[in-house]
Amino acid sequence: MALLDYFRQRKSNSASIAKERLQILVAHDRRVGGPSYLPQLERDLLKVIRKYVAVDNDAVSVSVEHDGRQEILELNIVLPD
Amino acid sequence: MARIIVVTSGKGGVGKTTTSAAFAMGLAERGFKTVVIDFDVGLRNLDLIMGCERRVVYDFVNVISGEANVGQALIKDKRNPNLFILPASQTRDKEALTVEGVGKVLDELSAEFEFIICDSPAGIEKGATLAMYYADDAIVVTNPEVSSVRDSDRMIGILSSKSRRAEQNLDGIREFLLVTRYSPERVQRGEMLALEDVQEILSLDLIGVIPESPSVLNSSNAGVPVILDRESNAGQAYNDMVARYLGEDLPHRFLKAEKKGLLGRLFGG
């Protein structure tokens, strides 16, 4: 079995899948922990931006980061190419 | 004034009690008067890991409710005169703990000890939030595994918002990451999150990496903090962690897979 594993091992890389999933999840969890107006703020911003640029539904993301005693409101807008 | 340190994680079974026992023993061995408190009311286990389970007479809840004084409930470690254990109650539930009650006991201990280690229960219920409430420092114990990392991240959020220091606008709790059950071999095979990945996601100062080691189970079987197993990698890694906590600058060890020969790779499993 050890011999088989040796040849097989190069294929599996579940650790990178884990990392990717965690990064998405943790970013989401941190947003959930933020103020309750965030989702509405996100929707309103999307509406305003759409007056000028045609962007996707998920083009706007708002999050709150805690850095010591400071809270940072982070706004991300993805513009179409 | 004692320094109060909470050992926390969110997820259960990652090594909080093992760490609390090893950390407390390590501080005591360096000459600091140290007490370690079990906050897991209803499911106490620190006494077992410390090997003093048959010497429990009074517990933390007895002291809070005034049925015993602190001196009666403290158990003196048989191996080190600087180390004391305050066991949790096995029969009550976590509702017996109150902010005022815990504060009063910590105040009293603070006069006599240099370090107070709070061994937090898993979860984010009352026992866990009270264990961290009065903390000056936090050790966040994390396994390189998705659910543990996620729960740790959640705990870090709670540490920065629901503690005495946060409420009174003092400097925040100093938070340190301790990665346990780390297996460099599995990381090399791409089966386990690498240390750098865990650090990148949680962005905390790394205070130690404890390798997966049979000596952890052997030590808990015997009721001896694993730091006393000086031959073992885990014991040495805990010893390094204590030194780092006290300000020494040591490189992290046991991060590379041990090289196996060809025969070992073919038949070693």
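Just above sits the structure.
Presented here is an overview of the structure given in this document. Values in this document were obtained by computation on a predicted structure and should not be read as measured data. Within each chain, residues carry numbers counting from 1 in the order of the written sequence. All chains are assigned letters beginning at A, and all ligands numbers beginning at 1, according to the order in which they are written. Since the coordinates come from a predicted model, pLDDT governs what is reported: local features require at least 70, and pairs of side-chain atoms require 80 or more to be given and counted, while whole-chain, interface and lining totals use all residues. The basis for every side-chain value is the complete set of heavy atoms in the structure, and neither hydrogens nor water enter the calculation.

## Regarding the overall build of chain B
Secondary structure elements are defined from DSSP: runs of H or I of at least 4 residues count as helices, runs of E of at least 2 residues count as strands, and each element is numbered from the N terminus. Tallying secondary structure elements over chain B gives 13 helices and eight strands in all. Overall size of chain B, expressed as C-alpha extent along the three principal axes, is 65 × 40 × 35 Å. The buried label goes to any residue with under 20% of its type's maximum accessible area, the exposed label to any with over 50%, and the partly exposed label to all in between, with areas taken from a 1.4 Å probe on protein chains only. Out of the 269 residues belonging to chain B, those deemed buried represent 54%. By definition, residues are in contact when any of their heavy atoms lie within 4.5 Å. A separation of at least 24 residues holds for 75% of the contacts in chain B among residues at least 6 apart in sequence. When the accessible area of chain B is evaluated, it comes to approximately 11900 Å², of which 48% is carbon and sulfur surface. Areas reported here follow the Shrake-Rupley algorithm with a probe of radius 1.4 Å; residue values treat only the protein chains shown as occluding.

## Considerations on the nonpolar core
Residues and elements named next belong to chain B. Counting residues in hydrophobic clusters, the biggest one holds 57 residues, and the most contacted among them are Ile37, Phe39, Phe60, Val102, Leu109 and Ile116. Ignoring anything within four residues of it in the chain, the contact list for Phe60 reads Ile37, Asp38, Phe39, Leu86, Pro87, Ala88, Leu97, Val102 and Val105. By size, the runner-up hydrophobic cluster in this structure holds 35 residues, among which are Ala24, Val141, Ile207 and Ile227. Throughout this description, the term nonpolar core refers to a set of buried Ala, Val, Leu, Ile, Met, Phe, Trp, Tyr and Cys residues connected via side-chain atoms within 4.5 Å.

## Brief notes about the packing of helix α1 (residues 16-29) of chain B against helix α12 (residues 233-245) of chain B
Think of two packed helices as two axes; the pair is described by the angle between the axes and how far apart they sit. All names here are of chain B. A fitted line through C-alpha atoms represents every axis, and for helices the fit uses only the stretch in contact; the resulting angles, taken between N-to-C directions, go from 0 to 180 degrees. Where α1 meets α12, the axes come as close as 9 Å, and the angle between the chain directions of the two elements is 60°. As for how α1 packs across α12, the hand of that crossing is right-handed. Counted together, Thr18, Thr19, Ala22, Phe23, Gly26 and Leu27 of α1 and Tyr238, Met241, Val242 and Tyr245 of α12 form the full contact between these two elements. Side-chain classes are defined by residue name, with Ala, Val, Leu, Ile, Met, Phe, Trp, Tyr, Cys and Pro counting as nonpolar, Asp, Glu, Lys and Arg as charged, and the others, Gly among them, as polar. Looking at the contact of α1 with α12 residue by residue, the classes come out as seven nonpolar, three polar and no charged. For any pair of crossing helices, the crossing counts as left-handed if the nearer helix is rotated counterclockwise from the farther one by less than a right angle, and right-handed if it is rotated clockwise.

## Some words on the environment of Ile5 of chain B
All names here are of chain B. Locating Ile5 in the fold gives a position in strand β1 (residues 3-8). Residue Ile5 is classed as buried on the basis of its relative accessible area, which comes to 0%. In the structure, Ile5 is positioned 93 residues away from Thr98 in sequence and 18 Å away in space, judged by C-alpha atoms. Setting aside anything within four residues of it in sequence, one finds Ile5 in contact with Phe23, Phe115, Ile116, Ile117, Cys118, Asp137, Ile139 and Tyr245.

## Focus on the pattern of salt bridges
Residue and element names in this part refer to chain B. The working definition used for a salt bridge is a side-chain nitrogen of Lys or Arg within 4 Å of a carboxyl oxygen of Asp or Glu. Scanning all chains against the criterion turns up 18 salt bridges over all chains. Arg92 is the salt-bridge partner of Glu67, the closest N and O atoms lying 3.2 Å from each other. On the criterion of sequence distance, the pair formed by Glu67 in the loop between α3 (60-64) and α4 (70-73) and Arg92 in the loop between β4 (83-86) and α5 (99-110) is long-range, its members being 25 residues apart. Between Arg174 and Asp137 there is a salt bridge; the shortest N-O distance is 2.8 Å.

## Some details on the packing of aromatic side chains
Residue and element names in this part refer to chain B. Note on ring pairs: Phe, Tyr and Trp rings are taken, using the six-membered ring of Trp, and paired if centres are within 6.5 Å. Classes follow the plane angle, with under 30 degrees stacked, over 60 edge-to-face and the rest tilted. Taken as a whole and assessed by the stated rule, the structure comprises seven aromatic pairs over all chains. Between Phe32 and Phe115, the ring centres sit 5.2 Å apart and the planes meet at 80°, which makes this aromatic pair edge-to-face. In this pair, Phe32 is assigned in the loop between α1 and β2 (34-38) and Phe115 in strand β5 (residues 115-119), connecting sequence segments 83 residues apart. The class for Phe32 is partly exposed, based on a relative accessible area of 24%. By relative accessible area, which is 9% here, Phe115 ends up buried. Look at Phe84 and Phe113: their rings are 5.6 Å apart centre to centre, the planes differ by 75°, and that puts the pair in the edge-to-face class. Of this pair, Phe84 sits in strand β4 while Phe113 sits in the loop between α5 and β5; the two residues are 29 residues apart in sequence, bridging distant segments of the chain. The rings of Phe23, Phe32, Phe115, Phe176 and Tyr245 are connected pair by pair, giving a single aromatic cluster.

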